[in-house]
Number of protein chains: 2
Amino acid sequence: MPQPPVQPLKALDLARRIERGEMSPADVVELCAAALAANEERIGAFASLDLAGARARAAAAPERLAATPLRGLPVGIKDIFDTADLPTSHGSPIHAENRPGADAALVSMVKRAGGLVLGKTVTTPFAFLDPAGTRNPHHPEHTPGGSSSGSAAAVAAGMVPIAIGTQTGGSVVRPGAFCGVAAYKPSFRVLPTVGVKTFSWSLDTPGLFAAGVADVAYAAAALTGRDLRVDGDAPAAPRIGLARTHVWPEASPAMQTAVERTARAAAAAGATLREVTLPPVLEEAFRAHAIVQDYEAYRALAYEYDHHREKLGPNLRQLLDDAATLHADDYDQACRIAERARHALATLMEEVDVLLTPSAPGAAPRGLATTGQSTFNRLWTLMGTPCINVPGLIDESGLPLGVQVVGRFGRDRAALEAALFVERVIASGRAASGA
Amino acid sequence: MPQPPVQPLKALDLARRIERGEMSPADVVELCAAALAANEERIGAFASLDLAGARARAAAAPERLAATPLRGLPVGIKDIFDTADLPTSHGSPIHAENRPGADAALVSMVKRAGGLVLGKTVTTPFAFLDPAGTRNPHHPEHTPGGSSSGSAAAVAAGMVPIAIGTQTGGSVVRPGAFCGVAAYKPSFRVLPTVGVKTFSWSLDTPGLFAAGVADVAYAAAALTGRDLRVDGDAPAAPRIGLARTHVWPEASPAMQTAVERTARAAAAAGATLREVTLPPVLEEAFRAHAIVQDYEAYRALAYEYDHHREKLGPNLRQLLDDAATLHADDYDQACRIAERARHALATLMEEVDVLLTPSAPGAAPRGLATTGQSTFNRLWTLMGTPCINVPGLIDESGLPLGVQVVGRFGRDRAALEAALFVERVIASGRAASGA
């Protein structure tokens, strides 16, 4: 089935136009409204919408909004974030009637920064692997990825310039890659999880989606007040470690080629490139991720499992059935491995600014029965390091292929700058051609 | 005003009697009911009660309950934990109507372990310093401490054998000390905060109250499945570091004497005692605590601050007013100091099993206008180490004086065993006499 072309809204460009008085926040809301009218029925990115509210807030105080860090830009919020004025179902029928008494911290931060909450984006149930029905804007027979399915798809389809998701395995970087938009999972602790439905308290990490790397960096800076923008001077050429990792064979040939060509093109553009072999404790940590996640999920979702097991998705039900037998000693051991791996990774990364890896095994799989795999993401979630999906590559079938830039813990600005460098290399066409 | 004598219910003793068939869970509920009838009007430990529900659950399946880890014992839950079948106001009029859609993870763990939730205990608003009206069971003109005021008072007054609280500064150890019961703040990560109203996501730590150290260890073991019980063999003599720390001058003369005599008495009973001087980074970390706490609270409580500032308590309002100016760089710096301090503390504690310090500056202050200070607690909360208030000492006016045992991160059983050793030394009378 042929698709209408989809085009993300560029947050940074819109913000500048508002800043210069060339557009108003209300104009941007209407751009979103037009994309929603054209695409939402086909894609299904939103769990609930508040277009009328966004229009009203944009109209009420345009000058005040235009002076805020987010300049009145509309924002989509994954439906596991509490919102006091919109339902918050966590993607599950168990909580279909849930109306929280307060906004999640990050929702408040969006409002404090002058963002307009346009709606809640579709999440897979409890942000796990059971799919939720959202379609990939680039091809409706393909998954948009998960669990932040709606946030990635909404940005890709131009329905909203900024969206918020969360990642426990690969739920920010993967859907960003599948939908062809920039996705940024910050260092652990940069964006708060307060008021977010917990799956794993050690792993759950909020993240951001926007058209490109500079857009997502702008949004992060506006939300946090941190020095994260990368749209000033041209990005410095980074020291890149090409990290194939032990799961490299699980990447498709197209993905392997994409990462290798991107690395070579970055080197040709001035980056320092070296092959990096991860120490063995990182492979142990890769396996420890599941233990940490599952042990915590069995407790975090105890109420739902104990009272509504039959209403859980089959993947989540199976995970929790199995997790019941995990012992605290296994968990403690997994946490200790993670801690050792963080130290080993920090040592390794004294010699490179970022690692370059696949964002996912390949392009978005065909079908809506799966949201894909977090194989190339979960280690970094456990490490708490910044990760950015860099968009711009497409595979032979026309679907987006994402490459991932992994930064050092707490060095998010350097990671974003390196991601911008890689994004420009890709945009120049050198990565695609293998030059 | 003379007080009726109060006597905590001993969880471990009750559990054993139920195990042996000498008592039923329903019998214990009636002990709680009698104490509630005698003391609750005077003390005000509960925000809501479900005595009928506890009676019904105790009566419905006595054999099944008696075979569970918690053996059907009643438990009080601080009112910042979500409960699906009881209101959860967080101690604030802002959330007076709040009825969560799920139980907090730890509430589910209580139920899974066979505990009966008897009610929600009074918390100071959002678990901060503004007092909530609960009175000290040992003297109604004195504070019970905070923020877990109701949990500590309810256990001290025999209304419930086990109660759950949380600590961000000193909100478990301090009220335990003021009310003369054992209070255990586990290592960070042992008890989940999922479904607990967040004040500071880096600091908030659930903890437990019970009559004595063996009781609180039993409750922790039953809840977590961890090897934490200390009621088997006699506790080994620990290596104790007497840690006066830089805030030692803020302890009352009575408290200083109590800690020093306890240390000497422990040594006389076989413990290895050494004076410990904390490295300077620990003093930096003491100061960093406020920055971490306040920066996070300004985000965690953003909804309440932005929409209901006038309904906040004056202490909390002031904190959030001031916290608005904290920058992410200050916060990052504080987090890095904390991390360095954790490593320095771990190194220091390779040579001792536990540190011995005051639990609070002295006994419970007179008056209900303050809940006391967390001076002797907040460093350890930031360090994430296990802390136990050891009860048994009383000052000249008859109020409890608590000494604190601080263990190594993740070595909770050793910390509890050392606390039991100290508790027995105190009970022997040697600590009081200075022998």
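The structure under discussion appears in the preceding block.
Residues numbered from 1 in each chain as written. Chains lettered and ligands numbered in written order. Predicted model: local features only at pLDDT ≥ 70, side-chain atom pairs only at ≥ 80, totals over all residues. Heavy atoms only, no water.

1. Topic: the overall build of chain A
Scanning chain A for helices and strands turns up 16 helices and eleven strands. Over its C-alpha trace chain A gives a radius of gyration of 20 Å, about what one expects of a compact globule, namely 22 Å for 435 residues. Considering only C-alpha atoms, chain A reaches an extent of 55 × 55 × 45 Å along its principal axes. Relative to its 435 residues, chain A shows a buried fraction of 63%. Intrachain contacts of chain A at a sequence separation of at least 6 include 78% that bridge at least 24 residues. Accessible area for chain A stands at about 14700 Å²; split by element, carbon and sulfur atoms hold 51% of it. In chain A, 41 positive and 45 negative side-chain charges are present, and the distance between their average locations comes to 3 Å. (Helix = DSSP H or I, 4+ residues; strand = E, 2+ residues; numbered from the N terminus. Rg over C-alpha atoms; globule rule 2.2 N^0.38 Å. Buried < 20%, exposed > 50% of the residue type's maximum accessible area, 1.4 Å probe, protein only. Contact = heavy atoms within 4.5 Å. Areas by Shrake-Rupley, 256 points an atom, 1.4 Å probe, with all protein chains shown as cover. Lys, Arg positive; Asp, Glu negative; His and termini not counted. Charge placed at Lys NZ, Arg CZ, Asp CG, Glu CD.)

2. Notes on the packing of aromatic side chains
Taken as a whole and judged by the stated rule, the model has six aromatic pairs over all chains. Ring centres 5.7 Å apart and planes at 65° place the aromatic pair Tyr298 of chain A and Tyr305 of chain A in the edge-to-face group. By the burial criterion, Tyr298 of chain A is buried, and Tyr305 of chain A matches it. Note on Phe128 of chain B and Phe199 of chain B: the rings are 5.2 Å apart at their centroids and 10° apart in plane angle, and the pair reads as stacked. Pair noted here: Phe128 of chain B is in the loop between β3 (116-121) and α6 (149-156) and Phe199 of chain B is in the loop between β5 (182-185) and β6 (205-210), with a separation of 71 residues, a long-range link. Considered together, Phe128 of chain B and Phe199 of chain B belong to a single accessibility category, that of buried residues. Across from the ring centre of Trp248 of chain A, 5.3 Å away, lies the NZ or CZ of Arg244 of chain A, which sits over that ring. Over the ring of Tyr298 of chain A we find Arg112 of chain B; its NZ or CZ atom is 3.9 Å from the centre of that ring. (Phe/Tyr/Trp six-rings, centres within 6.5 Å; stacked < 30°, edge-to-face > 60°. Lys NZ or Arg CZ within 6 Å of the ring centre and 35° of its normal.)

3. Comments concerning the sheet that holds strand β8 (residues 272-276) of chain B
Residues and elements named next belong to chain B. Strand order in the open sheet formed by eleven strands is β1-β3-β2-β4-β6-β5-β10-β11-β9-β7-β8, and the pairing between neighbours is mixed. Because the sheet does not close on itself, it has two edges, and the strands there are β1 (46-49) and β8. Direction aside, the axes of adjacent strands within the sheet are offset by 30° on average. For β5 and β6, the ladder comprises three bridges, and the chain directions are antiparallel. (Pairing = 2+ DSSP bridges. Axes fitted to C-alpha atoms, helices over the stretch in contact; angles between N-to-C directions.)

4. Examining the side chain of Thr385 of chain A
Mapped onto the secondary structure, Thr385 of chain A falls in the loop between α14 (378-383) and β10 (387-394). With residues near it in sequence (within four places) discarded, Thr385 of chain A still touches Lys185, Pro186, Ser187, Leu345, Trp380, Val406, Gly407, Arg408 and Phe409 of chain A.

5. A short note on the relation of the copies chain A and chain B
The transformation that overlays chain A on chain B combines an axial shift of 0.0 Å with a rotation of 180°, and the residual RMSD is 0.0 Å. The two molecules are tied by a two-fold rotation axis, judged by turn and shift. Residues of chain A ranked by C-alpha distance from the rotation axis are headed by Pro100 of chain A, positioned 3.9 Å from it. An overlap of 97% is found between the interface residues of chain A and their copies at the interface of chain B, pointing to a shared contact surface. (Least-squares fit on C-alpha atoms with pLDDT ≥ 70 in both.)

6. Some points on the pairing of strand β11 (residues 400-407) of chain B
Residue and element names in this part refer to chain B. Counting buried residues along β11, eight of its eight residues qualify, which places the element largely inside the surrounding structure. Of the two faces of β11, the one carrying Pro400, Gly402, Gln404 and Val406 and the one carrying Leu401, Val403, Val405 and Gly407 are both buried. Where strand β9 (residues 354-358) and β11 come together, five bridges link them in antiparallel fashion. Bridge assignment links Leu355 to a residue of β11, and that residue is Val406. Of the pairings in the sheet, the one linking strand β10 (residues 387-394) to β11 comprises six bridges and is antiparallel in character. If you follow Cys387 over to β11, its bridge partner there is Val406. The turn joining β10 and β11, which pair antiparallel and follow one another in sequence, is formed by five residues; a positive phi near 90° is taken by Gly398.

7. Considering the interface of chain A and chain B
Each partner contributes to the interface: chain A provides 36 residues, whereas chain B provides 35 residues. Summed over both sides, the interface of chain A with chain B buries roughly 2700 Å², with 53% coming from carbon and sulfur. Linking chain A to chain B there are four salt bridges. Among the salt bridges present, the one from Arg112 of chain A reaches Asp306 of chain B, with a minimum N-O distance of 2.8 Å. The interface formed by chain A and chain B holds ten residue pairs in polar contact (both at pLDDT 80 or more) in total. (Buried area = accessible area lost by both parts, 1.4 Å probe. Salt bridge = Lys/Arg side-chain N within 4 Å of Asp/Glu carboxyl O. Polar contact = N/O pair within 3.5 Å; in protein donor to acceptor, adjacent residues only side chain to side chain.)

8. Re the sheet that holds β10 of chain A
Residues and elements named next belong to chain A. As summarised here, the arrangement of the eleven strands in space is β1-β3-β2-β4-β6-β5-β10-β11-β9-β7-β8, forming an open sheet in which the pairing is mixed. This sheet does not close on itself; its edge strands, each paired only once, are β1 (46-49) and β8 (272-276). Neighbour to neighbour, the strand axes of the sheet diverge by 30° on average, direction disregarded. The pairing of strand β5 (residues 182-185) with β10 spans three bridges and is antiparallel. Each residue of the ladder has a partner; that of Lys185, found in β10, is Cys387.

9. Observations concerning helix α1 (residues 11-19) of chain A
All names here are of chain A. When α1 is considered as a whole, its buried residues turn out to be Ala11, Leu12, Leu14, Ala15 and Ile18. The arc enclosing the buried residues of α1, seen along the axis, measures out at 160°, which places them on a common side. Lining the buried residues of α1 we find α2 (25-43), α4 (62-66), β4 (162-167) and α8 (213-224). Gly21, located one to two residues past α1, shows a positive phi value of around 80°. (Arc of directions from axis to C-beta.)

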